[in-house]
Amino acid sequence: MKADPAGVLTGAHYLDGDFACGEGAMAAGCRFTAGYPITPSTEVVERISRRFPMMGGTFVQMEDELASMAAVVGASWTGTKSFTVTSGPGFSLMMENIGLAVMMETPCVVVNVQRGGPSTGLPTMTGQADMMQARWGSHGDYELIAMSPQSPQEAFDLTIDAFNLAELYRVPVLFMMDECVGHMTEKVVIPPADEIEIVPRKLTKSKPGDFEPYRANGQMVPEFARAGDGYRFHTTGLTHDERGYPEMSAECQDKLVRRLMDKINGNADKIVRFEEEDTDGADVVVLSYGITARVAREGIDLAREKGVKVGVIRLIVVWPFPEKRIRELAGTVKAIVVPEINYGQMVLEVERCAAGRCASVCVPHGGGGVHDPSDICDAIMGAVK
Amino acid sequence: MSRTEIRITGFGGQGVVLSGYIIGRACAIQAGKHATMIQSFGPEARGSACSTMLAVSDTEVLYPYIGRPDVFVAMSTEGYDKYADELKDDGTLIYEQNLVHPTLKEGQPSFGVPSTRLAEQLGRAIVQNIVMLGFVAAVTKMVTHAEMRGAVEASVPPGTEALNLAAFDAGWDYYEQEYGDKKGEAAAAASSGA
């Protein structure tokens, strides 16, 4: 279906990544936000709280991030598209209820505008060190989806995609911005509402007596009944059967958790998204994401001037990781060079997929700024030696 | 590829970020260039050193931070002291002349403006940043007068357009009178008439 025009601010704007993300959420049909202010993410909800009244949306400033995430899960069960916005310390506090959203199969979006950590770290300065937390931060086995925008325009476009993926797979989608993109202002073009494709909640058409909330019917994603629609309703973080009732058995655990993982892994080819350029015949491939992908382009140009054939992979969806493509590339290049604003996170995934068939080179940055392009060039030159 | 880098500094609360925003908007929306603005500030809301950086280019801006700016606008002494040395040797220095007392260098075009006093004369010191913006626009001519003025009008809070446009004009006119073509023309007319 097409976007509701009430939430779409069509036109050419000059917006920072945070504002663009907020506009993307409203264009995607989000009408509930609960959050607790934290730099550098607060501008997202500043934007939302000013504009929500014009489209019937609700913003609640909660007492903390635990409650914020809990409110988002609850709101989503009324059928309202919901999200929250935070940064490092708040992201840590949200982890338990992100796991609850995974277990209850609750569509929602969590925006993390990454700053330097650990702990309160560098509140106003950039980082990309929560990438593994996005994958593994909540306890137990699970799969979810995470994305990383490289510009305010993408902060708008991909936020819409994040909401759509959350609906398609009934899963939390983590929107892993970085402070640099969040606080970077550029031109953002917002298209007319009838050019924005929106995935609505897949509501069940079963009769109330026939409906079981977690019966997948051969599909990997069950149909949804909103709380209050008159269906028998039970949902829980405990391991549950198809009726939603707790069942403490290894068999039920295997059936449920295997499906939760398979619905993402089994659709990975449809979810995975990256840009690829000049990898045919490349000596080295540079893999990066977010702001670092832009900075890396300057380093790549420097290396190309010195005669090195450099290919580019830019992750757009970060989790699930493009395993298949990285395995293929590892057999054709000398090295995959991974600059990121952390001491080596996504490079571990590259190393796992490469499995020793090519070198995996970490180009670390501790946060508080972006790489010097010449450091990325030096890493490329070192990798071809 | 032509890339122009600009740094604007001042105290938090002085309108540093808004003035950078308006320049970026004029370049990106009104003039159709690529303009990326980055801001840096401390955890404090007011009074700390605040800075905004702009990279303006005919082609896509990849690296958003700036190295040695072509234009440096200083609205506070602290900001001037912190960033003056990074300005290109032949880069343009623009400063609030009653708040900043720069060390002027040969070969470095330098332009002072009493933007706070001009804003006070308009009745509201708060528009100091827009006076400065008008002055910067006149010095650099990076976009046309109409483009920058249009960006001011579109960026300030509703109801304050008239005051802010008056502030913009005050800054632009100050440049014309003290440094600009009008002054040159007047001198040329006098000499050719003689």
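The notes below deal with the structure included here. Quick caveat, the model's predicted, so the values are computed rather than measured.

**Considerations on the overall build of chain A**
Looking only at helices and strands, chain A has 13 helices and 15 strands in total. Here the C-alpha atoms of chain A give a radius of gyration of 21 Å, agreeing with the 21 Å that 2.2 N^0.38 yields for 385 residues. C-alpha extents for chain A along the principal axes are approximately 70 × 50 × 40 Å. Per-residue burial for chain A yields a buried fraction of 59% across its 385 residues. For chain A, restricting intrachain contacts to residue pairs at least 6 apart in sequence, the fraction spanning at least 24 positions comes to 78%. For chain A, the exposed area adds up to about 14,500 Å²; of that, 52% sits on carbon and sulfur atoms. Distance between charge centroids for chain A: 5 Å, based on 37 positive and 52 negative side chains.

**Overview of the packing of helix H1 (residues 17–27) of chain A against helix H2 (residues 42–51) of chain A**
Residue and element names in this part refer to chain A. Their axes nearest at 7 Å, the elements H1 and H2 cross at an angle of 45°. It follows from the interaxial angle that H1 and H2 lie oblique. Here the hand of the crossing between H1 and H2 comes out right-handed. Here Asp18, Phe19, Cys21, Gly22, Glu23, Ala25 and Met26 of H1 lie close against H2, whose contacting residues are Glu43, Val44, Arg47, Ile48, Arg50 and Arg51. In terms of residue class, the contact of H1 with H2 is built from 6 nonpolar, 1 polar and 6 charged.

**Observations concerning the packing of helix H1 (residues 16–30) of chain B against helix H5 (residues 145–155) of chain B**
Residues and elements named next belong to chain B. Where H1 meets H5, the axes come as close as 8 Å, and the angle between the chain directions of the two elements is 120°. When the interaxial angle is binned, H1 and H5 end up oblique. Relative to H5, H1 is oriented so that their crossing is right-handed. Contacts between H1 and H5 involve Leu18, Tyr21, Ile22, Ile23, Arg25, Ala26 and Gln30 on the former and, on the latter, Glu147, Met148, Gly150, Ala151, Val152, Ala154 and Ser155. Looking at the contact of H1 with H5 residue by residue, the class counts come to 9 nonpolar, 3 polar and 2 charged.

**Quick word on the sheet that holds strand S12 (residues 310–315) of chain A**
Strand pairing in a sheet takes place through backbone hydrogen bonds and is either antiparallel or parallel in direction. Residue and element names in this part refer to chain A. Spatially, S10-S12-S11-S14-S15 is the arrangement adopted by the 5 strands of the open sheet, whose pairing is mixed. At either end of the open sheet lies a strand with only one pairing partner, and these are strand S10 (274–277) and strand S15 (359–364). This sheet shows a mean twist of 20° between the axes of neighbouring strands, independent of strand direction. One ladder, built from 3 bridges, connects strand S11 (residues 284–289) with strand S14 (residues 335–340); its direction is parallel. Each residue of the ladder has a partner; that of Val285, found in S14, is Ile336. Relative to the sheet, helix H10 (residues 291–305) contacts S10, S11, S12 and S14, its axis offset from that of S11 by approximately 160°.

**Thoughts on the environment of Leu100 of chain A**
All names here are of chain A. One can find Leu100 in helix H4 (residues 88–104). A residue is classified by how much of its surface remains accessible, and Leu100, at 28% relative accessible area, is partly exposed. Separated by 227 residues in sequence, Leu100 and Arg327 have C-alpha atoms that sit 33 Å apart.

**Quick word on empty space enclosed by the protein**
Residue and element names in this part refer to chain B. One pass over the structure, following the stated rule, counts 1 cavity of 30 Å³ or more. Of the pockets and cavities examined, the largest cavity occupies roughly 40 Å³. For the largest cavity, the full set of lining residues is Ile8, Ser19, Ile23, Val73, Met75, Asn129, Met132, Leu133 and Val136. In terms of residue count, helix H4 (residues 128–140) provides more of the lining of the largest cavity than any other element does, 4 residues in total. When the residues that make up the lining of the largest cavity are grouped by side-chain class, the tally is 7 nonpolar, 2 polar and no charged.

**Re the sheet that holds strand S1 (residues 11–16) of chain A**
Strands sit in the order S1(A)-S9(A)-S2(B)-S3(B)-S1(B)-S4(B)-S5(B)-S6(B) across an open sheet of 8 strands; the sheet is mixed. Each edge of the open sheet is held by one strand with a lone partner, namely S1 of chain A together with strand S6 (110–113) of chain B. When strand polarity is set aside, the average angle formed by the axes of neighbouring strands in this sheet is 20°. In this sheet, strand S4 (residues 71–74) of chain B lies alongside strand S1 (residues 3–11) of chain B in parallel orientation, the contact comprising 4 bridges. In the strand pairing of S4 of chain B, Arg7 of chain B is matched with Phe72 of chain B. Docked against the sheet, helix H6 (residues 152–169) of chain A engages S1 and strand S9 (184–190) of chain A, running at close to 50° with respect to S9 of chain A.

**A short note on the environment of Gly344 of chain A**
Residue and element names in this part refer to chain A. Mapped onto the secondary structure, Gly344 falls in the loop between S14 and helix H12 (346–354). You can call Gly344 buried: its relative accessible area is 18%. Linking Gly344 and Gly366, residues 22 residues apart in sequence, is a C-alpha distance of 9.7 Å.

**Focus: the interface of chain B and chain A**
In many analyses, interface size is given as the accessible surface area lost on bringing the parts together. Counting residues at the interface gives 19 residues for chain B and 19 residues for chain A. Both sides of the chain B and chain A interface together cover about 1,700 Å² of buried area, and 61% of this is carbon and sulfur. Together, Phe41, Leu62 and Tyr63 of chain B form the three largest contributors to the area buried by chain B at its contact with chain A, with a combined 33%. There are 6 residue pairs in polar contact (both at pLDDT 80 or more) connecting chain B and chain A.

**Concerning the pairing of S4 of chain B**
All names here are of chain B. Burial along S4 is two-sided: the residues Val71 and Val73 and Phe72 and Ala74 are all buried. Sheet topology note: the S4/strand S5 (residues 92–96) ladder contains 4 bridges and is parallel. Looking across to S5, one finds that Phe72 is bridged to Leu93. Note that the unit made of S4, helix H2 (residues 77–83) and S5 has a crossover that is right-handed.

Calculation criteria
- Residues numbered from 1 in each chain as written.
- Chains lettered and ligands numbered in written order.
- Predicted model: local features only at pLDDT ≥ 70, side-chain atom pairs only at ≥ 80, totals over all residues.
- Heavy atoms only, no water.
- Helix = DSSP H or I, 4+ residues; strand = E, 2+ residues; numbered from the N terminus.
- Rg over C-alpha atoms; globule rule 2.2 N^0.38 Å.
- Buried < 20%, exposed > 50% of the residue type's maximum accessible area, 1.4 Å probe, protein only.
- Contact = heavy atoms within 4.5 Å.
- Areas by Shrake-Rupley, 256 points an atom, 1.4 Å probe, with all protein chains shown as cover.
- Lys, Arg positive; Asp, Glu negative; His and termini not counted.
- Charge placed at Lys NZ, Arg CZ, Asp CG, Glu CD.
- Axes fitted to C-alpha atoms, helices over the stretch in contact; angles between N-to-C directions.
- Parallel < 35°, antiparallel > 145°, perpendicular 65-115°, else oblique.
- Left-handed = near helix turned anticlockwise from the far one by under 90°.
- Nonpolar A, V, L, I, M, F, W, Y, C, P; charged D, E, K, R; others polar.
- Pairing = 2+ DSSP bridges.
- 1 Å grid on protein atoms, 1.4 Å probe; cavity = no way out; pocket = protein on both sides within 12 Å on 5 of 7 lines; lining within 4 Å.
- Points joined across faces, edges and corners; volume = space filled by probe spheres on them.
- Buried area = accessible area lost by both parts, 1.4 Å probe.
- Polar contact = N/O pair within 3.5 Å; in protein donor to acceptor, adjacent residues only side chain to side chain.
- Right-handed = clockwise from strand over helix to strand, strands pointing away.

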